[in-house]
Protein chains: 2
Amino acid sequence: MNSNYYLVIMAGGVGSRFWPVSSEELPKQFLDILGTGRTLLQLTADRFRDIVPNDNIYIVTSANYCDIVKEQLPDVPAENILAEPCRRNTAPCICYVSWKIKKRNPKANIAVVPSDHMVTDEKKFAEAIQQTLEYAAETDAIVTLGIKPTRPETGYGYIKADLSFASSRKNNMFRVDAFKEKPNRETAELYLKQSSYFWNSGIFIWNVSTIVNAFRVYQPAMSRIFEDLLPVYDTPQEQEMIDKLFPECENISVDYAIMEHAEEIFVYPASFGWSDLGTWGSLREQVQKDAYGNACIGPDIDLYETYNCIVHATGEKKVVIQGLDGYVVAEKDGTLLICKLSEEQRIKLFH
Amino acid sequence: MNSNYYLVIMAGGVGSRFWPVSSEELPKQFLDILGTGRTLLQLTADRFRDIVPNDNIYIVTSANYCDIVKEQLPDVPAENILAEPCRRNTAPCICYVSWKIKKRNPKANIAVVPSDHMVTDEKKFAEAIQQTLEYAAETDAIVTLGIKPTRPETGYGYIKADLSFASSRKNNMFRVDAFKEKPNRETAELYLKQSSYFWNSGIFIWNVSTIVNAFRVYQPAMSRIFEDLLPVYDTPQEQEMIDKLFPECENISVDYAIMEHAEEIFVYPASFGWSDLGTWGSLREQVQKDAYGNACIGPDIDLYETYNCIVHATGEKKVVIQGLDGYVVAEKDGTLLICKLSEEQRIKLFH
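Conventions and cut-offs
Residues numbered from 1 in each chain as written. Chains lettered and ligands numbered in written order. Predicted model: local features only at pLDDT ≥ 70, side-chain atom pairs only at ≥ 80, totals over all residues. Heavy atoms only, no water. Buried < 20%, exposed > 50% of the residue type's maximum accessible area, 1.4 Å probe, protein only. Helix = DSSP H or I, 4+ residues; strand = E, 2+ residues; numbered from the N terminus. Pairing = 2+ DSSP bridges. Least-squares fit on C-alpha atoms with pLDDT ≥ 70 in both. Contact = heavy atoms within 4.5 Å. Buried area = accessible area lost by both parts, 1.4 Å probe. Salt bridge = Lys/Arg side-chain N within 4 Å of Asp/Glu carboxyl O. Polar contact = N/O pair within 3.5 Å; in protein donor to acceptor, adjacent residues only side chain to side chain. Nonpolar A, V, L, I, M, F, W, Y, C, P; charged D, E, K, R; others polar. Disulfide = S-S within 2.5 Å. Phe/Tyr/Trp six-rings, centres within 6.5 Å; stacked < 30°, edge-to-face > 60°. Axes fitted to C-alpha atoms, helices over the stretch in contact; angles between N-to-C directions. Parallel < 35°, antiparallel > 145°, perpendicular 65-115°, else oblique. Left-handed = near helix turned anticlockwise from the far one by under 90°.

What to know about the pairing of strand β15 (residues 318–322) of chain A
Side-chain positions along a regular strand alternate between the two faces of the sheet.
Moving on, step 1. Among the five residues of β15 of chain A, five are classified as buried, and the element is accordingly described as predominantly covered.
Moving on, step 2. What you see with β15 of chain A is no split at all: Lys318, Val320 and Gln322 of chain A on one side and Val319 and Ile321 of chain A on the other are buried throughout.
Moving on, step 3. Relative to β15 of chain A, strand β13 (residues 301–304) of chain A runs parallel, the two being bridged by four bridges. Opposite Leu303 of chain A, over in β15 of chain A, you have Ile321 of chain A as the bridge partner.
Moving on, step 4. Relative to strand β17 (residues 335–340) of chain B, β15 of chain A runs parallel, the two sharing four bridges. Across the sheet, residue Lys318 of chain A finds its bridge partner in β17 of chain B, namely Thr335 of chain B.

Dropping the structure here:
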């Protein structure tokens with residue numbers, strides 16, 4: 001393994017769309033939502049098993065979740081688990097961890113990934129990460145992984161690539177033309193037909209100097225906060241100072257803070273079977289289904305005349321369902337939800 | 001209270017139609033299926049609060065359930081809880097307890113009732129029991145309570161009364177013409193139109209000599225078993241002898257064993273709001289429903305666009321249901337059932 005390769009996992013989300021299985025106390029990244037025996041956070045770390053040494057794995061999360069992270073990733077050094085005192089979106093999170101890593105290893109090449117996504121082809125994923133980390137080591141490029149669309153998805157942002165302009169050093173890396181917000185159905189259909197549009201996976205790869213310089217240029221105030229803290233990183237004062245200064249950061253995503261402005265942005269087109277697992281419906285799409293379109297996660301689930309459902313009941317000893325079509329049935333710790341998948345955007349209003 | 005009045009509660013059933021809330025370990029008579037804070041057995045005993053002294057209440061149940069009965073009816077003397085070593089339907093059960101009561105009080109007048117039925121008008125019920133017990137004390141009549149039908153129910157047996165032949169002493173007691181099996185829909189409609197048909201409630205009232213003589217005449221072999229045991233009732237040998245001899249009894253209902261043959265059978269027409277609570281659907285019919293036809297039993301159940309459902313989830317902290325019509329949703333101890341009410345006869349096959 002390359003000792004200059006680093007992994008940053010962003011694990012501060014408090015998603016409410018997988019209620020009641022996920023909750024603010026235990027958001028989905030900390031849950032075995034796929035029924036594999038590993039939580040999404042653990043699966044995310046597992047994917048870098050052969051690429052990044054444990055000592056180079058950093059997790060940025062809410063202060064409330066640090067103990068959960070320690071428990072779920074016992075091989076990651078406790079001092080690599082960074083506690084945000086409040087939620088400020090992805091830019092402050094990345095700025096903080098980047099400056100901290102820069103202090104430790106100015107030659108670091110970093111992959112930044114969300115903690116709650118799903119990847120089905122881990123080999124292809126590892127290949128994409130290896131190639132982009134290599135590329136980041138050699139260049140000042142900001143690289144994002146773009147997923148080849150397989151359906152006119154309206155739930156994702158898109159990246160428009162300039163396919164005529166491949167990177168000079170790698171012919172499978174293309175300059176980014178534009179980042180696109182979540183499209184409507186019609187636009188999504190259009191994107192799907194063209195080969196230059198990719199799903200924005202929210203996965204970034206860069207070397208530490210590149211990202212730190214980008215923050216210096218495009219977010220000077222934010223950058224200064226974390227640059228000024230260089231002397232206190234890895235000292236007993238770090239958390240105290242972060243607790244004091246982090247809340248002063250602008251609440252902004254890295255997409256708006258950096259990507260929209262930076263020049264050297266490249267997309268690596270990938271097709272490793274990816275989902276952001278944003279909803280019960282997308283979970284149903286991703287996991288193994290029976291011949292009737294049902295995805296069941298739980299020890300003993302019997303279905304009769306039931307179609308296109310997702311059933312998540314890992315805590316129930318037995319579940320019997322007769323006569324449902326297109327529903328989510330989810331139970332956790334004494335809370336039960338039954339809801340049409342077509343109405344699942346209302347779940348966050350239900351609890 | 002009249003010290004010659006006795007109550008026999010038959011509590012040996014192992015219904016499987018309320019699965020998963022009921023189970024063989026804890027059948028529905030031992031459950032707070034109505035969400036009132038009292039089990040069906042307790043509610044049954046409660047109805048006789050002002051009619052029968054606690055010392056005169058007898059429960060006949062399976063040996064497996066004796067401890068549950070003791071716990072649920074702590075005021076009933078433990079020696080009044082009779083343990084059947086095996087299931088032999090209602091005739092041996094009634095024959096046993098009748099001989100036992102006869103030994104203790106040959107002047108006993110007894111109401112025999114199932115443990116798992118529901119009554120909504122307890123005052124009317126008490127009135128019916130008082131009147132029929134009084135009548136039983138004065139005559140050798142076998143009295144059954146017939147419920148005035150309110151719908152063409154195909155799930156109950158019926159009693160055809162001879163309305164022209166009222167009892168000479170009570171003008172609200174009629175001779176039974178015939179017992180009718182569960183009818184089909186067409187026949188049930190016919191019964192409903194005529195005023196001489198009543199639902200067979202399975203509640204009987206008689207004096208102990210009458211029922212014991214009826215057993216002597218119509219079930220001599222069975223009667224002899226329990227008559228021969230007269231010397232051992234209320235001795236340490238009773239259970240041992242019952243365990244040995246009870247299994248020899250014919251497996252037969254009191255309807256077939258006695259009612260079909262006896263002469264002096266009368267029906268008391270009643271309308272105290274009765275249900276045998278045989279199915280989830282009948283439970284929904286009986287309990288309080290919201291404006292959309294939903295019956296909810298549980299601490300915190302929120303429904304959206306949900307109609308004609310019965311939800312029983314007393315162990316769940318919270319239940320949210322969106323978009324169901326005509327379903328039973330039942331959860332207990334880690335087992336969840338969702339099933340169309342129209343398919344509920346299949347529930348017993350599901351577990």
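Some thoughts on the relation of the copies chain A and chain B
Moving on, step 1. The transform that puts chain A on chain B rotates by 179 degrees and translates by 0.0 Å along the axis, for an RMSD of 0.1 Å. On this basis, the relationship between the two copies can be described by a two-fold rotation axis.

A short note on the interface of chain A and chain B
Moving on, step 1. Contacts between chain A and chain B engage 29 residues on the former and 29 residues on the latter.
Moving on, step 2. For chain A, the biggest contributors to the area lost against chain B are Gln322, Leu336 and Ile338 of chain A; these three give 27% of the whole.
Moving on, step 3. Counting the contacts that link chain A with chain B gives two salt bridges.
Moving on, step 4. Glu305 of chain B is the partner of Arg346 of chain A in a salt bridge, and the nearest nitrogen-oxygen pair spans 2.8 Å.
Moving on, step 5. Viewed at the interface, chain B and chain A are joined by 20 residue pairs in polar contact (both at pLDDT 80 or more).
Moving on, step 6. Classifying every residue of the side of chain A that touches chain B by side-chain character gives 14 nonpolar, five polar and ten charged.

Some points on the state of the cysteines
All names here are of chain B.
Moving on, step 1. Taken as a whole and assessed by the stated rule, the structure comprises zero disulfides over all chains.
Moving on, step 2. Among the cysteines around Cys95, which has no disulfide bond, Cys249 carries the closest sulfur, lying 6.9 Å off.
Moving on, step 3. Residue Cys95 is classed as buried on the basis of its relative accessible area of 0%.
Moving on, step 4. Not engaged in a disulfide, the cysteine Cys296 finds its nearest cysteine sulfur in Cys309; these two sulfurs lie 8.4 Å apart.

With respect to the packing of aromatic side chains
All names here are of chain A.
Moving on, step 1. Under the definition given, this model contains 36 aromatic pairs over all chains.
Moving on, step 2. Taking the centre distance of 5.0 Å and the plane angle of 80 degrees together, the rings of Phe125 and Phe272 count as edge-to-face. One end of the pair, Phe125, is in helix α4 (residues 122–138); the other, Phe272, is in the loop between β10 (265–270) and β11 (274–275), and 147 residues separate them in sequence. Residue Phe125 shares its accessibility class with Phe272, and that shared class is buried.
Moving on, step 3. Where Phe226 meets Phe246, the ring centres are 6.1 Å apart and the plane angle is 65 degrees; that geometry is what we call edge-to-face. Placement of the pair is Phe226 in helix α7 (residues 220–228) and Phe246 in the loop between α8 (238–245) and α9 (254–259), with a sequence separation of 20 residues. By the burial criterion, Phe226 is buried, and Phe246 matches it.

Here we look at the sheet that holds strand β14 (residues 310–312) of chain A
Moving on, step 1. Spatially, β12(A)-β14(A)-β16(A)-β17(A)-β15(B)-β13(B) is the arrangement adopted by the six strands of the open sheet, whose pairing is mixed. Single-partner strands in this sheet number two, and they are β12 (295–297) of chain A together with β13 (301–304) of chain B. Neighbour-to-neighbour, the strand axes of the sheet open up by a mean angle of 5 degrees, direction not taken into account.

Digging into the side chain of Ser275 of chain A
Residue and element names in this part refer to chain A.
Moving on, step 1. Among the structural elements, Ser275 can be located in strand β11.
Moving on, step 2. Given a relative accessible area of 0%, Ser275 falls into the buried group.
Moving on, step 3. From its side chain, Ser275 meets the backbone nitrogen of Leu277 in a polar contact 2.9 Å long.
Moving on, step 4. Not counting residues within four places of it along the chain, the set of residues in contact with Ser275 comprises His117, Met118, Tyr156, Ser282 and Gln286.

As for unusual backbone geometry
Moving on, step 1. Trp19 of chain A connects to Pro20 of chain A through a cis peptide bond whose omega is 5 degrees.
Moving on, step 2. Note on placement: Pro20 of chain A falls in the loop between β1 (5–10) and α1 (40–46).
Moving on, step 3. Phi angles above zero are rare outside glycine, and Glu305 of chain B is one such case at about 45 degrees.
Moving on, step 4. Among the secondary structure elements, Glu305 of chain B is positioned in the loop between β13 and β14 (310–312).
Moving on, step 5. Using a relative accessible area of 37% as the deciding quantity, one classes Glu305 of chain B as partly exposed.

Describing the sheet that holds strand β16 (residues 327–332) of chain B
Moving on, step 1. Strand order in the open sheet formed by six strands is β13(A)-β15(A)-β17(B)-β16(B)-β14(B)-β12(B), and the pairing between neighbours is mixed. Both outer strands of the open sheet, β13 of chain A together with β12 (295–297) of chain B, are each paired with one neighbouring strand and no more. Between one strand and the next, the sheet's axes are offset by a mean angle of 5 degrees, whatever the strand orientation.

Some thoughts on the packing of helix α6 (residues 208–218) of chain B against helix α7 (residues 220–228) of chain B
All names here are of chain B.
Moving on, step 1. α7 packs onto α6 with a crossing angle of 130 degrees between their chain directions and a minimal axis gap of 6 Å. As judged from the angle between their axes, α6 and α7 are oblique. Each of Val212, Phe215, Arg216, Val217 and Tyr218 in α6 lies in contact with α7, whose residues at this interface are Pro220, Met222, Ser223 and Glu227.
Moving on, step 2. The residue inventory of the contact of α6 with α7, partitioned by class, reads six nonpolar, one polar and two charged.

A few points about the side chain of Gln286 of chain B
Residues and elements named next belong to chain B.
Moving on, step 1. You can see Gln286 is positioned in helix α10 (residues 280–286).
Moving on, step 2. Of the residues examined, Gln286 reaches a relative accessible area of 19% and is grouped as buried.
Moving on, step 3. Excluding its chain neighbours within four sequence positions, the residues that come into contact with Gln286 are Met118, Arg151, Trp274, Ser275 and Leu277.

Quick notes on the environment of Asp50 of chain B
Residue and element names in this part refer to chain B.
Moving on, step 1. Among the secondary structure elements, Asp50 is positioned in the loop between α1 (40–46) and β2 (57–62).
Moving on, step 2. For the pair formed by Asp50 and Ser23, sequence separation is 27 residues and the distance between their alpha carbons is 32 Å.
Moving on, step 3. If near-sequence neighbours (up to four positions away) are discounted, Asp50 is found in contact with Met1 and Gln130.

Remarks on α6 of chain B
Residues and elements named next belong to chain B.
Moving on, step 1. Of the residues making up α6, those classed as buried are Val208, Thr210, Ile211, Val212, Ala214 and Phe215.
Moving on, step 2. The inward-facing, buried residues of α6 contact α3 (90–104), β4 (109–114), β6 (142–147), β9 (197–207), α7 and α9 (254–259).
Moving on, step 3. You can read the cap of α6 off the contacts: a side-chain oxygen lies 3.1 Å from the backbone nitrogen of Ser209, and it is on Asn207.

Re the packing of helix α3 (residues 90–104) of chain A against helix α6 (residues 208–218) of chain A
All names here are of chain A.
Moving on, step 1. Two numbers describe how α3 lies on α6: the axes approach to 10 Å, and their chain directions differ by 130 degrees. Taken together, the axes of α3 and α6 lie oblique to each other. Here the hand of the crossing between α3 and α6 comes out left-handed. Facing Ala91, Ile94, Cys95, Ser98, Trp99, Ile101 and Lys102 of α3, the residues of α6 in contact are Val208, Ser209, Ile211, Val212, Phe215 and Arg216.

Here's the deal with the pattern of salt bridges
Residue and element names in this part refer to chain A.
Moving on, step 1. Across all of its chains, the model carries 28 salt bridges over all chains by this definition.
Moving on, step 2. For the salt bridge of Glu153 with Arg151, the shortest nitrogen-to-oxygen distance reads 2.9 Å.
Moving on, step 3. Arg185 is the salt-bridge partner of Glu189, the closest N and O atoms lying 3.2 Å from each other. Highlighted residues: Glu189 and Arg185, both in helix α5 (residues 185–193), separated by four residues, approximately one helical turn.
Moving on, step 4. The class for Arg185 is exposed, based on a relative accessible area of 52%.
Moving on, step 5. Among the charged side chains, a network of salt bridges with common partners joins Lys100, Asp234 and Glu238.

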